[in-house]
Amino acid sequence: MRSGIFAAAFLAATLATAQEGTPTPAPIGTEQVDSGTVVNYEQGRNIVIRRADGSQAIYPVASNILWPPDLKMYGWANVYYTLFEDGGFHVTRLTTLPPTPTPIAPTPAPIQASSPPPPPPPSTATTAAKAEGPKGAPVQLLMEDAATVTAYEKGRRLTVRQKDGTRRTYLLDSSSVLPPRLAVKQKVIVETKTVRGKTVVARVVYPEIVISNVPKSK
């Protein structure tokens, strides 16, 4: 369709040139360009180009237009022209260098949100207060009446060392209740009973931990 328009315009321009005294219409718009491979030309008269999409266009070229010295068959050509008010056009210049593409600005890298700064370290005063704890008498762990196992013969006897350093040996029988994992060096409390006139272990338990001297909370 575009080739037919330019061909018709070419014929109209040729006819207008043959008629003397016909005023030249005023150009409208800015200069435009059509580019492609040269498939035919007659210097001083016309040029035919084939565009990238395969279509062809013929352009009349006035004799006063400068032809590039390196223009050749099957080479590249740019045809610059302006349009007229009556629908015609006028070729203004020819070039052979492909138009320089408009540079594309690089896409800016996305701005990554910075990670929040780490929280400030606790002040020295706060740390010292936490380390010192509440003031007052130190906390003590006491195990009332606990003794240390020094020897244990399952089902027969149990020997312990009292808090004052003395050692005592107790008899065991089938009724004695002992922890399942009783062993030497454990802290225990020994409860006894009398069986047929003999002191026998009734039960051995682990002592409870008693926390004393703890300041009362306000």
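This text goes with the structure placed above it.
The structure displayed is predicted, hence computed values, not measured ones.

Chemist: Explain the environment of A62 to me, please; I cannot follow it from the model alone.
Modeler: Inspection of the secondary structure assignment puts A62 in the loop between β3 (56-60) and β4 (76-84). The class for A62 is partly exposed, based on a relative accessible area of 29%. Between the C-alpha atoms of A62 and G44, which are 18 residues apart in sequence, the distance is 6.0 Å.

Chemist: Hey, could you run me through the pairing of strand β2 (residues 46-50) in this one?
Modeler: A regular strand places its side chains so that they alternate between the two faces of the sheet. By the criterion of burial, β2 is predominantly enclosed, with four of the five residues buried. For β2 and β3, the ladder comprises five bridges, and the chain directions are antiparallel. Bridge pairing in β3 links V48 to I58. The loop that links β2 with its antiparallel partner β3 comprises five residues; one of these, G54, has a positive phi angle of about 95 degrees.

Chemist: How should the nonpolar core be read in this particular structure?
Modeler: Soluble globular proteins tend to pack their nonpolar side chains together in the buried interior. Residues I47, Y59, V61, V79, V91 and L94 are the most contacted members of the largest nonpolar core, which totals 15 residues. If you list the elements that add at least two residues to this core, you get β2, β3, β4 and β5 (89-95).

Chemist: Sorry if this is basic, but what is going on with a positive patch on the surface here?
Modeler: Residues R161, K163, R167 and K187 make up a contiguous surface patch of positive charge. Along the polypeptide, K187 turns up in strand β10 (residues 187-195).

Chemist: So what exactly am I meant to see when it comes to the environment of Y81 here?
Modeler: By the element assignment, Y81 lies in strand β4. In sequence terms Y81 and V33 are 48 residues apart; their C-alpha atoms lie 6.3 Å from each other.

Chemist: Honestly, the side chain of S176 in this entry has me stumped. Any pointers?
Modeler: Considering the arrangement of structural elements, one finds S176 in the loop between β9 (167-171) and β10. A relative accessible area of 15% places S176 in the buried class. Within polar-contact distance, the side chain of S176 engages the backbone oxygen of V201 at 2.5 Å. When near neighbours in sequence (up to four residues on either side) are disregarded, S176 contacts L171, V200, V201 and A202.

Chemist: It is not clear to me how the packing of aromatic side chains should be interpreted in this structure. Could you clarify?
Modeler: How two aromatic rings sit relative to each other is set out by the distance from centre to centre and by the angle between their planes. Across all of its chains, the model carries four aromatic pairs by this definition. Ring geometry for Y41 versus W67: centroids 5.9 Å apart, planes at 35 degrees, classification tilted. Of the two residues, Y41 sits in strand β1 (residues 27-42) while W67 sits in the loop between β3 and β4, which places them 26 residues apart along the sequence. Residue class for W67 comes out buried when judged on its relative accessible area of 10%. Taken together, the aromatic side chains of Y59, Y81 and F89 make up a single cluster linked through ring pairs. One residue, R93, lies across the ring of Y80, its end atom 3.7 Å from the ring centre.

What counts and how
Residues numbered from 1 in each chain as written. Predicted model: local features only at pLDDT ≥ 70, side-chain atom pairs only at ≥ 80, totals over all residues. Heavy atoms only, no water. Helix = DSSP H or I, 4+ residues; strand = E, 2+ residues; numbered from the N terminus. Buried < 20%, exposed > 50% of the residue type's maximum accessible area, 1.4 Å probe, protein only. Pairing = 2+ DSSP bridges. Core = buried A, V, L, I, M, F, W, Y, C linked by side-chain atoms within 4.5 Å. Patch = residues over 30% accessible without salt bridge, like charges linked within 9 Å, V, L, I, M, F, W, Y side chains within 5 Å. Areas by Shrake-Rupley, 256 points an atom, 1.4 Å probe, with all protein chains shown as cover. Salt bridge = Lys/Arg side-chain N within 4 Å of Asp/Glu carboxyl O. Lys, Arg positive; Asp, Glu negative; His and termini not counted. Charge placed at Lys NZ, Arg CZ, Asp CG, Glu CD. Polar contact = N/O pair within 3.5 Å; in protein donor to acceptor, adjacent residues only side chain to side chain. Contact = heavy atoms within 4.5 Å. Phe/Tyr/Trp six-rings, centres within 6.5 Å; stacked < 30°, edge-to-face > 60°. Lys NZ or Arg CZ within 6 Å of the ring centre and 35° of its normal.

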